[in-house]
Amino acid sequence: MTNSDITPYRVEVPQTAVDDLRDRLRRTRWAPDLPGAGWERGVPTSYLRTLAEYWADGFDWRAQEAALNAYPQFITTIDGADVHFLHVRSPEPEATPLMLLHGWPGSVVEFLDLIGPLTDPVAHGGAAADAFHLVIPSLPGYGFSGPLRETGWTDGRTAAALAELMARLGYERYGVQGGDVGAFIAPLMGRLAPDNVIGVHVNGLLTFPTGDPAVMGSLTEAERGRLAGMREWQQNLGAYMQLHGTRPQTIAAALHDSPAGQLAWIVEKFKDWTDPAAKLPEDAVDRDRILTDVSIYWFTETAGSSAHTYFERFNDASAWGPVERGTVPTAAAVFPTDYSVRPLAEQVHNVVRWSEFGHGGHFAALETPGVLIGDLREFFRSLA
């Protein structure tokens with residue numbers, strides 16, 4: 001494969017890898033729970049053990065693999081890194097090209113329920129004018145793109161690689177949607193290619209105070225509450241981010257060797273970041289979908305590689321310095337576990353749409369796909 005070749009890709013995990021996963025799970029040495037301790041100390045072993053037992057003996061990886069392979073997938077090399085992606089074209093020839101970007105601990109699997117309604121809205125009770133051609137990449141260093149082979153993969157470099165991917169596919173004008181890490185990268189794509197990106201839609205947008213007294217003084221009580229929530233999140237729920245951002249190779253040693261550890265590391269986020277009304281992760285997101293996501297990290301051995309991208313973000317001076325306000329029209333979808341604050345976002349983004357929802361959570365494509373689809377349609381319809 002030459003540097004610009006795009007070749008077909010299929011998910012085909014060797015049976016030896018599936019058997020090894022099951023064997024490791026069955027031989028897990030479990031940490032004891034403390035009496036009376038719950039989720040406030042991390043994932044309870046009583047819960048984790050039950051989930052791991054299902055992963056080993058009830059979960060059907062081959063069925064999930066087939067669901068992924070039902071869609072056209074490809075791989076190409078950009079700037080020295082492999083980039084895997086789903087490319088699903090709409091039956092509507094005038095459909096708008098749209099890239100969907102996952103974050104951590106996400107993967108392409110979180111968008112599977114969006115593909116049908118977005119590419120073929122007529123078949124799902126919608127209008128042909130709302131159709132999209134979808135490009136859904138595994139971020140460099142994540143999932144089926146495989147581990148990175150060198151350092152230096154900042155968000156800006158990733159954004160440039162994904163803009164190059166759209167150019168290789170022949171899309172001169174397109175939209176971008178991203179959540180979590182994708183909410184960092186999508187606006188960067190708009191800054192890098194403002195003549196190509198028609199609109200940016202994000203969920204899970206992080207907005208940081210600049211210290212401007214006028215802006216801070218204008219915040220509503222609800223917005224100040226979100227800022228307080230973000231500070232509490234950083235103090236009580238941000239340990240994973242500090243480890244990824246400061247010692248990614250150390251945590252990689254644990255996550256690459258123990259599937260139970262990898263499961264705990266990810267499922268904790270499906271508890272902390274999903275709809276607050278959900279008592280357990282599977283009350284918010286289908287259990288098999290969660291395990292498919294975790295399995296992708298395990299089989300592709302990208303736990304460490306994805307963690308290293310946080311180190312790059314932490315040490316990228318351009319990511320934290322002053323930036324010019326973006327010009328591309330931007331929409332933000334805000335769910336109950338998000339800490340997005342519009343006056344802060346408007347300082348750096350050209351916000352033209354701001355939607356707040358009373359249910360759902362950080363994993364919008366998995367928790368409330370219909371809500372996300374509706375917001376996407378309305379935003380891009382407004383840009384036509």
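Residues numbered from 1 in each chain as written. Predicted model: local features only at pLDDT ≥ 70, side-chain atom pairs only at ≥ 80, totals over all residues. Heavy atoms only, no water.

Trainee: Go over the overall build of the protein, please, and point to the residues and values.
Mentor: Within the protein one finds 18 helices and nine strands. If you line up the protein on its principal axes, its C-alpha atoms span 55 × 50 × 45 Å. In the protein, which comprises 384 residues, the proportion classed as buried is 54%. Summing over all exposed atoms, the protein offers an accessible surface of approximately 16,400 Å²; the carbon and sulfur share of this is 51%. Here the protein contributes 30 positively and 48 negatively charged side chains, and the mean placements of these two sets differ by 3 Å. (Helix = DSSP H or I, 4+ residues; strand = E, 2+ residues; numbered from the N terminus. Buried < 20%, exposed > 50% of the residue type's maximum accessible area, 1.4 Å probe, protein only. Areas by Shrake-Rupley, 256 points an atom, 1.4 Å probe, with all protein chains shown as cover. Lys, Arg positive; Asp, Glu negative; His and termini not counted. Charge placed at Lys NZ, Arg CZ, Asp CG, Glu CD.)

Trainee: Could you give an account of the sheet that holds strand E4 (residues 96-101), with specific residues and numbers?
Mentor: Spatial ordering of the open sheet is given by E1-E2-E3-E5-E4-E6-E7-E8-E9, a layout of nine strands whose pairing is mixed. Lying at the two open borders of the sheet, with one neighbouring strand each, are strand E1 (6-8) and strand E9 (350-356). Averaged over all pairs of adjacent strands, the angle between their axes in this sheet comes to 25 degrees, without regard to strand direction. As paired strands, strand E7 (residues 197-203) and strand E8 (residues 329-334) are joined by four bridges and run parallel to one another. Across the sheet, residue Asn203 finds its bridge partner in E8, namely Ala333. Across the sheet, helix H6 (residues 181-192) is in contact with E4, strand E6 (174-179) and E7; its angle to E6 comes to roughly 155 degrees. Packing of helix H18 (residues 369-383) onto the sheet brings it into contact with E4, strand E5 (132-137), E6, E7, E8 and E9, and relative to E7 it is tilted by some 155 degrees. (Pairing = 2+ DSSP bridges. Axes fitted to C-alpha atoms, helices over the stretch in contact; angles between N-to-C directions. Contact = heavy atoms within 4.5 Å.)

Trainee: Give me the lowdown on the packing of aromatic side chains, citing residues and values where you can.
Mentor: Enumeration over the complete set of coordinates arrives at 17 aromatic pairs. Considering the side-chain rings of Tyr9 and Phe144, the 6.1 Å spacing of their centres and the 50 degrees angle between planes classify their relative orientation as tilted. Of this pair, Tyr9 sits in the loop between E1 and helix H1 (15-26) while Phe144 is found in the loop between E5 and helix H5 (155-168), placing the two residues 135 residues apart along the sequence. Judged by relative accessible area, which is 23%, Tyr9 ranks as partly exposed. Consider the rings of Phe208 and Trp320, whose centres lie 6.1 Å apart with planes at 70 degrees: the pair is edge-to-face. Here Phe208 is found in the loop between E7 and helix H7 (213-218), whereas its partner Trp320 is found in helix H15 (residues 317-320), with 112 residues between them in sequence. Three or more aromatic residues joined by ring pairs form one cluster here, namely Trp104, Trp233, Tyr240, Phe270, Trp273, Tyr310 and Phe363. Over the ring of Tyr54 we find Arg287; its NZ or CZ atom is 3.6 Å from the centre of that ring. Sitting over the face of the ring of Tyr310, Arg313 holds its NZ or CZ atom 4.7 Å from the ring centroid. (Phe/Tyr/Trp six-rings, centres within 6.5 Å; stacked < 30°, edge-to-face > 60°. Lys NZ or Arg CZ within 6 Å of the ring centre and 35° of its normal.)

Trainee: How would you sum up the UniProt feature "domain: Epoxide hydrolase N-terminal" (unreviewed entry) in the protein? Please name residues and give values.
Mentor: Here the UniProt-annotated "domain: Epoxide hydrolase N-terminal" (unreviewed entry) positions come out as residues 6-111. As a span, residues 6-111 carries 32% helix and 22% strand, and end to end its C-alpha atoms are 22 Å apart. (UniProt positions renumbered as here; feature names shortened; annotations may be inferred.)

Trainee: How would you explain the nonpolar core if you had to name every residue and give the values?
Mentor: Soluble globular proteins: nonpolar side chains tend toward being buried together. Among the nonpolar cores identified, the biggest contains 107 residues, and Met99, Leu101, Trp104, Tyr174 and Met189 are the most heavily contacted of them. By size, the runner-up hydrophobic cluster in this structure holds six residues, among which are Val215, Leu219, Leu227 and Leu344. (Core = buried A, V, L, I, M, F, W, Y, C linked by side-chain atoms within 4.5 Å.)

Trainee: Run through unusual backbone geometry, naming residues and quoting values.
Mentor: Along the chain, Trp104 connects to Pro105 via a cis peptide bond; the corresponding omega equals 0 degrees. Considering the arrangement of structural elements, one finds Pro105 in the loop between E4 and helix H4 (112-119). Not every positive phi belongs to a glycine, and Asp79 is a case in point at roughly 55 degrees. Its place among the elements puts Asp79 in the loop between strand E2 (73-78) and strand E3 (81-88). A relative accessible area of 43% means that Asp79 is categorised as partly exposed. The phi torsion at Glu301 lies on the positive side, around 55 degrees, for a residue other than glycine. Inspection of the secondary structure assignment puts Glu301 in the loop between helix H13 (287-300) and helix H14 (303-314).

Trainee: How would you summarise the UniProt feature "active site" (unreviewed entry) in the protein if you had to cite specific residues and measurements?
Mentor: Per the UniProt record, "active site" (unreviewed entry) is annotated on Asp180, Tyr310 and His362. Structurally, Tyr310 is set in helix H14. A relative accessible area of 4% places Tyr310 in the buried class. Among all residues touching Tyr310, those that are not within four sequence positions of it are Trp104, Tyr142, Asp180, Val181, Tyr240, Met241, His244 and Gly245. Mapping His362 onto the fold places it in the loop between E9 and helix H17 (364-367). With sequence-adjacent residues up to four places away left out, His362 is seen in contact with Asp180, Asn203, Gly204, Trp273, Thr337, Asp338 and Glu367. Side-chain polar atoms of His362 contact the side chain of Asp180, separated by 2.7 Å. (Polar contact = N/O pair within 3.5 Å; in protein donor to acceptor, adjacent residues only side chain to side chain.)

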